[in-house]
Amino acid sequence: MHPDLPDFSSLRFDTMVIGTIGDEGSVIRTATCTAEEAGRIGSLWNALVADESARCHFPAFVISLLRDGQTVFSANICWQCSNMRMSGPAALCSAAAFATNTAQAQDLLALCRQLAGSVT
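Keep in mind that this is a model prediction, so the values were computed, not measured.

The next subject is the packing of aromatic side chains. The geometry of an aromatic ring pair is captured by the separation of the ring centres together with the interplanar angle, meaning the angle of the planes. All chains considered together, the criterion is met by 5 aromatic pairs. Relative to Trp45, the ring of Phe8 lies with its centre 4.7 Å away and its plane at 20 degrees, an arrangement referred to as stacked. You can see Phe8 sitting in the segment before strand S1 (15–21) and its partner Trp45 sitting in helix H1 (residues 35–46), a full 37 residues away along the chain. Here the two residues Phe8 and Trp45 agree in accessibility, since each one is buried. Summarising the aromatic geometry, the rings of Trp79 and Phe98 are spaced 5.8 Å apart at their centres and angled 90 degrees between planes, so their arrangement reads as edge-to-face. Here Phe98 lies in the loop between strand S6 (95–97) and helix H2 (103–116) and Trp79 lies in the loop between strand S4 (70–78) and strand S5 (83–87), a separation of 19 residues in the sequence. Each member of the pair, Trp79 as well as Phe98, carries the same accessibility label: buried. Taken together, the ring pairs connect Phe8, Trp45 and Phe73 into an aromatic cluster.

Considering the arrangement of structural elements, one finds Thr20 in strand S1. Its relative accessible area of 0% is what places Thr20 among the buried residues.

As a packed pair, H1 and H2 sit with axes 9 Å apart at the nearest point and diverge in direction by 150 degrees. Classified by the angle between their axes, H1 and H2 sit roughly antiparallel to one another. In this structure, H1 crosses over H2, and the sense of that crossing is left-handed. For the pair H1 and H2, contact is made by Glu37, Arg40, Ile41, Leu44 and Trp45 and by Gln104, Asp107, Leu108, Leu111 and Leu115, respectively. Of the residues contributing to the contact of H1 with H2, the split by class is 6 nonpolar, 1 polar and 3 charged.

With respect to the element layout, His57 can be found in the loop between H1 and strand S3 (61–67). Setting aside anything within four residues of it in sequence, one finds His57 in contact with Asn76, Cys78, Cys81, Asn83, Met84 and Arg85.

Attention shifts here to H1. Given a rise of 1.5 Å per residue, 12 residues ought to cover 16 Å, and the 16 Å separating the end C-alpha atoms of H1 matches this to within 8%. Those residues of H1 lying buried are Ala38, Ile41, Gly42, Leu44, Trp45 and Asn46. Buried residues along H1 sit in contact with S1, S3, S4, S5 and H2.

Here we come to the sheet that holds S4. What the 6 strands build is an open sheet, ordered S2-S1-S3-S4-S5-S6; its pairing is antiparallel. The open sheet is flanked by strand S2 (27–32) and S6, the only strands paired with a single partner. The sheet shows a mean angle of 20 degrees between the axes of neighbouring strands, direction not considered. Here S1 runs beside S3; their pairing, made up of 6 bridges, is antiparallel.

Rules used throughout
- Residues numbered from 1 in each chain as written.
- Predicted model: local features only at pLDDT ≥ 70, side-chain atom pairs only at ≥ 80, totals over all residues.
- Heavy atoms only, no water.
- Phe/Tyr/Trp six-rings, centres within 6.5 Å; stacked < 30°, edge-to-face > 60°.
- Helix = DSSP H or I, 4+ residues; strand = E, 2+ residues; numbered from the N terminus.
- Buried < 20%, exposed > 50% of the residue type's maximum accessible area, 1.4 Å probe, protein only.
- Axes fitted to C-alpha atoms, helices over the stretch in contact; angles between N-to-C directions.
- Parallel < 35°, antiparallel > 145°, perpendicular 65-115°, else oblique.
- Left-handed = near helix turned anticlockwise from the far one by under 90°.
- Contact = heavy atoms within 4.5 Å.
- Nonpolar A, V, L, I, M, F, W, Y, C, P; charged D, E, K, R; others polar.
- Expected span 1.5 Å × (residues − 1).
- Pairing = 2+ DSSP bridges.

In structure tokens:
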């Protein structure tokens, strides 16, 4: 498990939303995950590995965890430069780098594309 990322299995949330981020940096599409999809995303998230970042940050997706309509945790994720920006009470830090070439990171990207679509 990545030392800078919260363990999704320990977070209390009732809704997980995946958003596609467009060229202007705003969310252009969202999808609410089923419990099964949220579990799969949580498992992949918990398997991410720390790495170095290119620091450009052009995020393709945002994963948001909500409880009673309030954001518990949110991460804007960039697979191009291997980093994410995080916010919300459950965020352990504001930014972290991850290895994008692992099977888990690629599976997470594929699942985000499947659920929320892609701009590319």
